[in-house]
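# Working through the structure, step by step
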Amino acid sequence: MTRILIVEDEARIASFLVKGLKAQGYATEVAATGGDGFARARSGEFDLMILDLGLPDRDGLTVLRDLRDRDRRLPVVILTARDDVADTVSGFESGANDYVTKPFKFDELLARIRVRLRESAPAPEESVLRVEGAALDLRTRRALVGDRDLELSAREFALAEFFFRHPGQVLSREQILSSVWGYDFDPGSNVVDVYVGYLRKKLGPNLITSVRGMGYRLERAGRA
């Protein structure tokens, strides 16, 4: 559930926001001071903060600047009675994502909140990786080459995924061993070469090429 932090010292406005946002399916918490709001925002538990500027202990812009020194990702919507252009400019320059003046219409505030949440949402991770007629499905843990459906062991799939996430790059044996096996390279070990051999037999001999003295490369269009 999306969590919204409301930093507002006026109990009436805070209560109104809590009721309205909860009705829309958001979880909310209220901080009545800048110090409390700053501490809670720093916890990493919230997806967005609504920030009043006229707080009893610290000015909201000071809270915002201090937060931005440590966290530039949390969306912040200023909600304030300060409606001068200079105040609005100061809010944005201090790191606000949006600026709403009181009195306000809840529907407008809600729309702005939704926009800021969408902007901050992480892009969905790609579920299928494709290179040169071959594909890895990260959900089913299977590989496809042309119309052939291949079954890879867990270690083979992990190695293939590492290659597919770095197409065209030369990957050293040390990099591969550290990322796929999780320990430092042993100069006497040939486990990387053995598993690259397994993958070549399944994916085709030309997809992964050796780079003499350096490592291996997953080829892209126009190479090999």
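Residues numbered from 1 in each chain as written. Predicted model: local features only at pLDDT ≥ 70, side-chain atom pairs only at ≥ 80, totals over all residues. Heavy atoms only, no water.

## Looking at the overall build of the protein chain
Each helix and strand in the protein chain was counted, giving eight helices and 12 strands. Relative to a compact globule of 224 residues, whose C-alpha radius of gyration would be 17 Å, the protein chain shows 26 Å and is clearly more extended. Principal axes of the C-alpha set define a box for the protein chain whose edges measure 70 × 35 × 30 Å. Residue pairs in contact within the protein chain that sit at least 24 positions apart in sequence constitute 54% of those at least 6 positions apart. Here the protein chain has roughly 12,300 Å² of accessible surface; of this, 47% comes from carbon and sulfur atoms. Seen as two clouds, the 34 positive and the 35 negative side-chain charges of the protein chain have centres 5 Å apart. (Helix = DSSP H or I, 4+ residues; strand = E, 2+ residues; numbered from the N terminus. Rg over C-alpha atoms; globule rule 2.2 N^0.38 Å. Contact = heavy atoms within 4.5 Å. Areas by Shrake-Rupley, 256 points an atom, 1.4 Å probe, with all protein chains shown as cover. Lys, Arg positive; Asp, Glu negative; His and termini not counted. Charge placed at Lys NZ, Arg CZ, Asp CG, Glu CD.)

## A short note on the pairing of strand β8 (residues 142-145)
Going residue by residue along β8, you find Ala 143 and Val 145 tucked away on one face and Arg 142 and Leu 144 left uncovered on the opposite face. By the bridge criterion, four bridges tie strand β7 (residues 134-137) to β8 in an arrangement that is antiparallel. Looking at the pairing, Ala 134 lines up with Val 145 of β8. With antiparallel pairing between neighbouring strands as the criterion, β7 and β8 make up a hairpin whose turn holds four residues, including Arg 141 at a positive phi of roughly 60°. (Buried < 20%, exposed > 50% of the residue type's maximum accessible area, 1.4 Å probe, protein only. Pairing = 2+ DSSP bridges.)

## Some details on helix α1 (residues 11-23)
When the terminal C-alpha atoms of α1 are compared, their 18 Å separation across 13 residues agrees well with the 18 Å that a helix rising 1.5 Å per residue should span. Where α1 is concerned, the buried positions are Ile 13, Ala 14, Leu 17, Val 18, Gly 20 and Leu 21. On its buried side, α1 packs onto β1 (3-7), β2 (27-31), β3 (48-51), β4 (76-80) and α5 (106-120). Positioned one or two residues after α1, Gly 25 has a phi angle of 95°, which is positive. (Expected span 1.5 Å × (residues − 1).)

## So, the confidence of the model for the protein chain
Per-chain confidence: the protein chain averages 89 in pLDDT, with 93% of residues scoring 70 or above. The secondary structure element of the protein chain with the lowest average pLDDT is helix α7 (residues 173-181), at 81, and the one with the highest is β3, at 97. (pLDDT = per-residue confidence, 0-100.)

## Quick word on the packing of helix α6 (residues 154-164) against α7
Where α6 meets α7, the closest approach of the two axes is 10 Å, and the angle between their N-to-C directions is 125°. Considered as vectors, α6 and α7 are oriented oblique to each other. The chirality of how α6 crosses α7 is right-handed. On the side of α6, the interface is formed by Arg 155, Ala 158, Leu 159, Phe 162 and Phe 163, while α7 contributes Gln 175, Ile 176, Ser 179, Val 180 and Trp 181. Residue composition of the contact of α6 with α7, grouped by class: seven nonpolar, two polar and one charged. (Axes fitted to C-alpha atoms, helices over the stretch in contact; angles between N-to-C directions. Parallel < 35°, antiparallel > 145°, perpendicular 65-115°, else oblique. Left-handed = near helix turned anticlockwise from the far one by under 90°. Nonpolar A, V, L, I, M, F, W, Y, C, P; charged D, E, K, R; others polar.)

## As for the environment of Asp 52
Among the secondary structure elements, Asp 52 is positioned in the loop between β3 and α3 (60-68). Within polar-contact distance, the side chain of Asp 52 engages the backbone nitrogen of Gly 54 at 3.5 Å. (Polar contact = N/O pair within 3.5 Å; in protein donor to acceptor, adjacent residues only side chain to side chain.)

## Some thoughts on the nonpolar core
Counting residues in each nonpolar core, the largest one holds 29 residues, and the members touching the most others are Leu 136, Phe 163, Phe 164, Ile 176, Val 192, Leu 199 and Leu 203. Of all elements in the fold, only β6 (128-131), β7, β8, α6, α7, α8 (191-203) and β12 (215-218) reach the threshold of two or more residues within this core. Top element by residues in this core is α6. It accounts for six residues. Ignoring anything within four residues of it in the chain, the contact list for Leu 199 reads Leu 152, Glu 156, Leu 159, Ala 160, Phe 163, Gly 204 and Ile 208. By size, the runner-up hydrophobic cluster in this structure holds 19 residues, among which are Val 7, Leu 53, Leu 64 and Ile 78. (Core = buried A, V, L, I, M, F, W, Y, C linked by side-chain atoms within 4.5 Å.)

## Points about the pattern of salt bridges
Per the stated rule, a full pass over the model turns up 19 salt bridges. Across the pair Lys 102 and Glu 8 runs a salt bridge whose closest N-O atoms are separated by 2.8 Å. Remark: Glu 8 occurs in the loop between β1 and α1 and Lys 102 occurs in the loop between β5 (98-101) and α5; sequence separation between them is 94 residues. Each member of the pair, Lys 102 as well as Glu 8, carries the same accessibility label: buried. Among the ionic pairs, Glu 161 bridges to Arg 165, the shortest N-O distance being 3.0 Å. Look at Glu 161 and you get buried, because its relative accessible area is 16%. Overall, Arg 165 belongs to the partly exposed group, its relative accessible area being 36%. Bridged by salt links that share partners, the residues Arg 3, Glu 29, Asp 36, Arg 40 and Glu 45 form one connected network. (Salt bridge = Lys/Arg side-chain N within 4 Å of Asp/Glu carboxyl O.)

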